[in-house]
Amino acid sequence: MLGHLSFDEIMTDDISYLFNNEMQVAVLRLDKLHPVISGNKWFKLRYYMEDAKAQGKNHIITFGGAWSNHIVATAAACKMNGLKATGIIRGEEPANYSPTLLKAKELGMEFIFISREEYKDKIVPEQFTSSQYYIINEGGAGEMGAKGATTILDYCEKNYTHYCCAVGTGTMMAGIINAVNTGQTVIGISVMKNNTGLEDDIRSLIHKDNTNWQLLHDYHFGGYAKHQPSLLAFMNQFYTQTKIPSDFVYTGKLFYAINDLIEKNFFPANSNLLIIHSGGLQGNDSLPKGTLIF
Ligand SMILES: *Cc1c(COP(=O)(O)O)cnc(C)c1O
């Protein structure tokens, strides 16, 4: 039912040939883990699963929207771990479920739909407050998510000068910051508009006094899950050149940003970059057919 899910498929692609300057640029292909359950969510969930089982809890409750990578990944992780899963979904129950919800349902997840207003507060419905339930934050955000994200770097070389990733809650970025050595820099591209609390959120999850990290807030294309023709055109062009598909919510903005930053000489000469492709391609199904060429 889960189909192909293989850590052996994770590899890096060298895309240095795209750039004229003396730079090495590689992409860590977490998207190759699985066509639907791909990417960083799988890593962020692994220790929550262990923790729930260690505590003897058999039912996971979590939050997300109708196109959430986290919802479908949680459904899959729970199925693999023999845990029940309930997704608290933002908005009224739709007449037609999104492919994301259909997949999560197929993986055994049940849903509770709540209004956008109520969703803002992330209050766990009363029927799920007893001790058998294990709550995971929206997006897998938090300490254990960051711990899982540190293990992303087990799948690549250790000698990069810069690690670049897309940032939603900042949990993955915090995990990467915790994983790198002093002298290595982490660059995060925020996919939200004016998410001013992000620096503090990340700082609260960092264990080392690594200060070699920077968040960039200028590549949101209008805000979370918003896009513009220039972004979609770039994603298609990037695919034509590299055969690497990206998603419009996270990794498209990341690749666009890093390409732009390289062109503007943001990185010192002879830098050796790793761009983390954090997966999430399933969300592209929300775009009109034909928008993307992959
Ligand atoms: C959730 C997600 C991110 C952001 O991860 P955070 O830990 O929330 O910052 C990045 N890329 C993809 C594909 C995601 O699904």
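Being a predicted model, the structure only gives us computed values, none of them experimental.

Caption draft 1: Seen up close, the pairing of strand E7 (residues 162–167). Within E7, six of the six residues are buried, which leaves the element mostly enclosed by the surrounding structure. With respect to chirality, the unit in which E7 leads through helix H6 (residues 171–179) into the neighbouring parallel strand E8 (residues 185–190) is right-handed. One ladder, built from three bridges, connects E7 with strand E10 (residues 272–277); its direction is parallel. Note on E10: the bridge partner recorded for cysteine 164 is isoleucine 275.

Caption draft 2: A look at the sheet that holds strand E6 (residues 133–136). Sheet architecture is open: four strands sit in the order E5-E4-E3-E6, paired in parallel fashion. Each edge of the open sheet is held by one strand with a lone partner, namely strand E5 (110–114) and E6. For this sheet, the mean inter-axis angle between neighbouring strands, taken without regard to orientation, is 25 degrees. Here five bridges tie strand E4 (residues 84–90) to E5, and the two strands are oriented parallel to one another. Looking at the pairing, threonine 86 lines up with glutamate 110 of E5.

Caption draft 3: The nonpolar core, seen in detail. Counting residues in hydrophobic clusters, the biggest one holds 56 residues, and the most contacted among them are Ile152, Leu153, Met173, Ile176, Ile202, Leu274 and Ile276. For this core, the element with the highest residue contribution is helix H2 (residues 69–81), accounting for seven residues. Filtering out sequence-adjacent residues up to four positions away, isoleucine 276 remains in contact with Leu28, Leu30, Ile152, Leu153, Cys164, Cys165, Met172, Ile176 and Leu254. Core analysis: the second largest hydrophobic core is formed by 33 residues, Phe19, Val25, Tyr219 and Val249 among them.

Caption draft 4: Summary view of the environment of lysine 79. On the secondary structure map, lysine 79 appears in helix H2. Assessed through its relative accessible area of 38%, lysine 79 is described here as partly exposed.

Caption draft 5: Molecular detail of the environment of lysine 105. Its location among the elements puts lysine 105 in helix H3 (residues 99–106). Along the backbone, lysine 105 and phenylalanine 43 are 62 residues apart, and their C-alpha atoms lie at a distance of 21 Å. Those residues in contact with lysine 105 that lie beyond four places of it in its chain are Tyr97 and Phe111.

The rules we used
Residues numbered from 1 in each chain as written. Predicted model: local features only at pLDDT ≥ 70, side-chain atom pairs only at ≥ 80, totals over all residues. Heavy atoms only, no water. Buried < 20%, exposed > 50% of the residue type's maximum accessible area, 1.4 Å probe, protein only. Helix = DSSP H or I, 4+ residues; strand = E, 2+ residues; numbered from the N terminus. Right-handed = clockwise from strand over helix to strand, strands pointing away. Pairing = 2+ DSSP bridges. Axes fitted to C-alpha atoms, helices over the stretch in contact; angles between N-to-C directions. Core = buried A, V, L, I, M, F, W, Y, C linked by side-chain atoms within 4.5 Å. Contact = heavy atoms within 4.5 Å.

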